[in-house]
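What follows is each chain in one-letter form.
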Amino acid sequence: MPERPKSTPIIDCDVHNRFKDRQMSALWPYLPRAYQEDVREWGINIPSVGYLNGGDRGYRGDSWPKEGFPGSDLDLMREQLLDAYNVEYAILLGQELRPLSTLPNADYAACLARAYNDYLLEHWLSTESRLRGAMLIATQDVPQAVEEIERVGRLPGIVEVLVSNGARLPYGNRYYHPVFEVCEALGLPFALHTGSEGAGINGQPSVAGHGSYYIENRQVRPQGYMTHLTSLIFEGVFEKFPKLRVVFIEGGYAWLAPFLWRLDADWKGLRHQTPWVRKPPSEYVWEHVRFTSQPLEEPEHPSHLLEVFKWNRAERTLMFSSDYAHWDFDSPVDAFPRLPDDLRRRIFYETASELYRFHAQTAPVPDLSRSTTSEPV
Amino acid sequence: MERCVIGRISEFAPGSRKIVTVGGRSIGVFNIRGQFYALRNRCPHQGAPLCLGRVKGTTLSSKPYEYVYGRDQEIIQCPWHGWEFEIATGRTYFNPHRMRVKTYEVTVESAGADDVTLETFEVTTEGEFVILHA
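Residues numbered from 1 in each chain as written. Chains lettered and ligands numbered in written order. Predicted model: local features only at pLDDT ≥ 70, side-chain atom pairs only at ≥ 80, totals over all residues. Heavy atoms only, no water.

*Asks:* Got a minute to help me understand the environment of Q95 of chain A in this structure?
*Replies:* Residues and elements named next belong to chain A. Looking at the element boundaries, Q95 is found in the loop between strand 2 (87-92) and helix 3 (106-125). Using a relative accessible area of 18% as the deciding quantity, one classes Q95 as buried. Between the alpha carbons of Q95 and G71 there is a distance of 9.1 Å; along the sequence they are 24 residues apart. Setting aside its immediate chain neighbours within four residues, Q95 contacts H16, N17, R18, Y59 and H326. (Helix = DSSP H or I, 4+ residues; strand = E, 2+ residues; numbered from the N terminus. Buried < 20%, exposed > 50% of the residue type's maximum accessible area, 1.4 Å probe, protein only. Contact = heavy atoms within 4.5 Å.)

Now the structure itself:
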């Protein structure tokens, strides 16, 4: 474990909080009465694709608390992450309920999102001042998603709206625009986290369907992100919502510049088909899109990453993430090649601090029990 | 190189392991089927506590769609990113010539008054001790 002198504070943009038990019993009180019997009988019941994962059941082997799942024990999270690496803010992205947009039942999915957001505020964000959280929405029913963002999106501690890379439609599609409208109005970034590719009601994980093995499934992440990024630009989302920010989490980073070179080149001859795209596609990215770092690519010569960082304008677009407590955790001290101090500050602190306006959001998290609209029993 | 007495042989049942700190280095000592091994407890990849990993065998390189499990108890898998190391040599399974973790010699013998002890037990010349050469 790292035993180093107190380092400069960092921001970790991808941390996973879990429920203690597989049944997620802490969530049940936040569900409407109508669902409680069902959940008791059937469980929370969210589709997954059925791939294996890595590490110790998906987690760092040393991150299992005495009781319950990794990420469920705040004291251990403090010890292994917040204190160990001087994390000033860690953004919680949940775990079990993130794939709720894969459910066929839109109303049940929307209820789960509401219940999770209430649980997140009460069980996590109000118990540790370094924690911030991403609120979930169910994309099956956009009006309910908008309502939910309006309900909890203003509450202190909530810093972004989170969906999965796996989806039914590329995220630039006009179907989602009401979500962007409310995100922009409330100053909340719209964030995508890897996952749910090919699960439940979602589209196929790649243009050729499902690969056989988990390692193949990991490599569809950039494919999805390329699809969403192109869609967001060419559907005119950033023209329509000029203050919107989008965060791509855990989907790779080194692919970005070569992809944008191609996109900018294509745009020169094809822009007339989407004339609302007024600028080279890359310019929308520099202004509107941010990427988290983990799992950072590992070129044969680590110094090659410094070249990639130049191409990708890492000082504007890259934000550190550890993915604690997953097995592919990136250590803040050992995952990166040696960086110039100013670039390191940008990646490990400043870009995230600006995006999430942390300097303006230091008010204590208030008692949120009155804000819940579900019916705890 | 120091001779460090790290315990009585009776404390190291086959299948057990102990993490000790010698000269600021964390080292894992393993008894695997009666044979002792020691590895640096820091993965060369990202600094994870390697010696907390699973001791196991692995699927040997094979033909497509063929699974051959072997080398039972000879491999340790890093608890973070899953890199597999041969416990006896510290070499990685995926690149044994270029990526490895440091190993140390472990012997079982009587201890002497000059030996360094890492524990508070009394070292006598009677009985056998596990001695790490690190």
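Here the narrative resumes.
*Asks:* Sorry if this is basic, but what is going on with the interface of chain B and chain A here?
*Replies:* Size of an interface, as often reported, equals the accessible area lost when the parts are brought together. The interface of chain B with chain A comprises 13 residues on the first partner and 20 residues on the second. Buried area between chain B and chain A, both sides added, is near 1,200 Å², and the carbon and sulfur share of it is 44%. Contact with chain A buries surface across chain B, with Q46, W80 and H81 of chain B losing the most and accounting together for 49% of the total. For the pair chain B and chain A, the number of links is two salt bridges. When the shortest N-O distance is used, the salt bridge between R54 of chain B and D56 of chain A registers 3.2 Å. (Buried area = accessible area lost by both parts, 1.4 Å probe. Salt bridge = Lys/Arg side-chain N within 4 Å of Asp/Glu carboxyl O.)

*Asks:* Before we go on, may I ask you to explain the pattern of salt bridges in this structure?
*Replies:* Side-chain pairs of opposite charge can arise where the charged atoms are in close proximity. Residue and element names in this part refer to chain A. Scanning the model with the defined rule gives 25 salt bridges over all chains in all. Linking R151 and E148 is a salt bridge whose minimum nitrogen-to-oxygen distance equals 2.8 Å. Taken together, the residues span about one helical turn, with R151 and E148 both in helix 4 (residues 142-152) at a distance of three residues. Neither R151 nor E148 differs from the other in exposure class; each is buried. We note a salt bridge from E354 to R346, for which the minimum N-O separation is 2.9 Å. What makes R346 buried here is its relative accessible area of 19%. The network of salt bridges with common partners includes D75, R78, D83, E128 and R130.

*Asks:* Got a minute to help me understand the pairing of strand 6 (residues 246-249) of chain A in this structure?
*Replies:* The side chains of a regular strand alternate between the sheet's two faces. All names here are of chain A. Of the two faces of strand 6, the one holding V246 and F248 and the one holding V247 and I249 are both buried throughout. Of the pairings in the sheet, the one linking strand 6 to strand 7 (residues 289-292) comprises three bridges and is parallel in character. Paired with V247 across the two strands is R290, which belongs to strand 7. (Pairing = 2+ DSSP bridges.)

*Asks:* Honestly, a nonpolar patch on the surface in this entry has me stumped. Any pointers?
*Replies:* A cluster of nonpolar side chains, Y213 and I215 of chain A together with Y65 and Y67 of chain B, forms an exposed patch at the surface whose accessible area comes to about 580 Å². When you line up the elements, I215 of chain A lands in helix 6 (residues 214-219). (Patch = residues over 30% accessible without salt bridge, like charges linked within 9 Å, V, L, I, M, F, W, Y side chains within 5 Å. Areas by Shrake-Rupley, 256 points an atom, 1.4 Å probe, with all protein chains shown as cover.)

*Asks:* Help me out: how do you make sense of the sheet that holds strand 2 of chain A in this one?
*Replies:* Each strand in a sheet pairs with another by means of backbone hydrogen bonds, the pair being arranged parallel or else antiparallel. Residues and elements named next belong to chain A. Sheet architecture is open: eight strands sit in the order 1-2-3-4-5-6-7-8, paired in parallel fashion. The open sheet is flanked by strand 1 (10-15) and strand 8 (318-319), the only strands paired with a single partner. Sheet topology note: the strand 3 (residues 131-136)/strand 4 (residues 158-164) ladder contains four bridges and is parallel. Bridge pairing in strand 4 links G133 to I158. This element, helix 2 (residues 74-82), spans strand 1, strand 2 and strand 3 of the sheet and lies at about 125° to strand 2. Along the sheet, helix 4 contacts strand 3 and strand 4; its crossing angle with strand 3, the most-contacted strand, is approximately 155°. (Axes fitted to C-alpha atoms, helices over the stretch in contact; angles between N-to-C directions.)

*Asks:* Can you help me understand helix 4 of chain A in this one?
*Replies:* Because each turn of an α-helix spans 3.6 residues, side chains separated by three or four positions end up pointing in the same direction. Residues and elements named next belong to chain A. Burial of helix 4 is extensive: eight of the eleven residues sit out of reach of the surface. Listing the buried residues of helix 4 in full gives V142, Q144, A145, V146, E148, I149, R151 and V152. In this fold, the buried residues of helix 4 make contact with helix 3, strand 3, strand 4 and helix 5 (177-186).

*Asks:* Is there a simple way to think about the layout of surface pockets in this case?
*Replies:* Any empty space left between the atoms is revealed when a probe the size of a water molecule rolls over them. There is about 1,400 Å³ of room inside the largest pocket. Considering the residues around the largest pocket, the lining is formed by 37 residues, among which N53, G54, Y214 and I215 of chain A together with Q77 of chain B are closest to the centre. Secondary structure elements with two or more residues in the lining of the largest pocket: helix 6 of chain A together with strand 5 (54-59) and strand 6 (69-77) of chain B. Of the residues contributing to the lining of the largest pocket, the split by class is 15 nonpolar, 13 polar and nine charged. A volume near 1,200 Å³ is recorded for the second largest pocket. Contributing to the lining of the second largest pocket are 41 residues, with S48, N53, Q95, R98 and P99 of chain A lying nearest its centre. Broken down by element, the lining of the second largest pocket gets its largest block of residues, three residues, from helix 6 of chain A. Looking at side-chain class alone, the lining of the second largest pocket contains 15 nonpolar, 15 polar and eleven charged residues. (1 Å grid on protein atoms, 1.4 Å probe; cavity = no way out; pocket = protein on both sides within 12 Å on 5 of 7 lines; lining within 4 Å. Points joined across faces, edges and corners; volume = space filled by probe spheres on them. Nonpolar A, V, L, I, M, F, W, Y, C, P; charged D, E, K, R; others polar.)

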